[in-house]
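# Structural features, examined
Residues per chain are reported as follows:
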Amino acid sequence: MPLPAEAVSTYIFAKDGNRPFLMRRVFSEDIALEMVVKTDAISFPDTAIGLNAVEDILVRRFSVEYENIYTFCLSQPSETDRARFQCHWLVGMSARVTGRPLRVGCGRYDWHFNDDGKVVRLVITIEVMKILSGAELDGVMRWLSSLPYPWCSPAQALMSFPALQDLSAVEAYLKQAQ
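All of the points below concern the structure found in this document. (Residues numbered from 1 in each chain as written. Predicted model: local features only at pLDDT ≥ 70, side-chain atom pairs only at ≥ 80, totals over all residues. Heavy atoms only, no water.)

Along the chain, the position of glutamate 136 falls in the loop between β6 (119-132) and α4 (137-146). The buried category is assigned to glutamate 136, whose relative accessible area is 19%. With near-sequence residues (within four places) excluded, glutamate 136 lies in contact with Leu102 and Leu164. (Helix = DSSP H or I, 4+ residues; strand = E, 2+ residues; numbered from the N terminus. Buried < 20%, exposed > 50% of the residue type's maximum accessible area, 1.4 Å probe, protein only. Contact = heavy atoms within 4.5 Å.)

Below, the structure is given as structure tokens:
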């Protein structure tokens, strides 16, 4: 039975690394995904039911569009989080075809686990997503790749946060998540 921390980190490795086979270690066959998108900077279907549909949305389609993906959970589950775990997240990625534009965003995960430790429901809320030109790619990727992966506190993310006006909403979100 996987622990919540193992399930969450395996999901991140699967999504960021384009490894859909790993999703089967994390999600139940009847997984219910809900996407709450509060920005026009990225789009996803509102819902998906079943492992194949979730793999398709979160790994296969995602990796067709994006590369250089870094996703961080901004807190880790405790022993009491075996049924449900909520955490803030931070993500950065570039467009696969051109490397531009670059996207950096943040939001919340709400994980629901069954008795076997598999995820039966996942709500992904995208609170902020910013689109930057490719000129910032090196600096933003240098920052993201220096953070502890996949678990990073908001304070750690803020220590070396890039001084970019376009990311002020992301910075504000991280400060609020501390």
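Once the structure has been displayed, the description carries forward.
This model, assessed by the stated rule, comprises twelve salt bridges. Linking arginine 96 and glutamate 67 is a salt bridge whose minimum nitrogen-to-oxygen distance equals 3.6 Å. Of the two residues, arginine 96 sits in the loop between β4 (84-95) and β5 (102-113) while glutamate 67 sits in strand β3 (residues 66-73), which places them 29 residues apart along the sequence. Note on arginine 96: relative accessible area 37%, which makes it partly exposed. Three or more residues are tied together by salt bridges with common partners; here these are Arg24, Glu29, Glu55 and Arg60. (Salt bridge = Lys/Arg side-chain N within 4 Å of Asp/Glu carboxyl O.)

Here the focus is the packing of aromatic side chains. The final tally for this structure, using the stated rule, is twelve aromatic pairs. When the centroid spacing of 5.8 Å and the interplanar angle of 40° are considered together, the rings of tryptophan 89 and tyrosine 109 count as tilted. Of this pair, tryptophan 89 sits in strand β4 while tyrosine 109 is found in strand β5, placing the two residues 20 residues apart along the sequence. The exposure class of tryptophan 89 is buried, given its relative accessible area of 4%. (Phe/Tyr/Trp six-rings, centres within 6.5 Å; stacked < 30°, edge-to-face > 60°.)

Turning our eyes to something else, we now look at the sheet that holds β4. Pairing between the strands of a sheet comes from backbone hydrogen bonds, and it takes one of two forms, parallel or antiparallel. With mixed pairing, the six strands of this open sheet are ordered in space as β2-β1-β6-β5-β4-β3. Of all strands in the sheet, those with a lone pairing partner are β2 (47-49) and β3, marking the two edges. The sheet shows a mean angle of 20° between the axes of neighbouring strands, taken without regard to direction. Judged from the three bridges that link them, strand β1 (residues 27-37) and β2 form a sheet pairing that is antiparallel. If you follow leucine 33 over to β2, its bridge partner there is alanine 48. Sheet contacts for helix α1 (residues 4-16): β1, β3, β4, β5 and β6; angle to β3, the most-contacted strand, approximately 165°. (Pairing = 2+ DSSP bridges. Axes fitted to C-alpha atoms, helices over the stretch in contact; angles between N-to-C directions.)

For the rest of this paragraph, the subject is the pairing of β6. When β1 meets β6, the two strands line up parallel, connected through seven bridges. Its bridge partner being in β6, methionine 35 is matched across the sheet by isoleucine 124. Counting the residues that bridge the hairpin from β5 to β6 gives five residues, and of these glycine 117 lies at a positive phi of roughly 85°.

Let us look at the side chain of threonine 10. One can find threonine 10 in helix α1. Judged by relative accessible area, threonine 10 falls into the buried class, the value being 18%. Threonine 10 has contacts with Leu22, Arg25 and Val26, leaving out every residue within four places of it along the chain.

With respect to the helices and strands, glutamine 86 occurs in strand β4. The residues touching glutamine 86, leaving out its near neighbours within four places in the chain, are Ser75, Tyr109 and Asp110.

All right, on to the environment of glycine 117 then. As for its position among the elements, glycine 117 is in the loop between β5 and β6. Assessed through its relative accessible area of 5%, glycine 117 is described here as buried. When the C-alpha positions of glycine 117 and arginine 25 are compared, they lie 9.7 Å apart, and in sequence the two are 92 residues distant.

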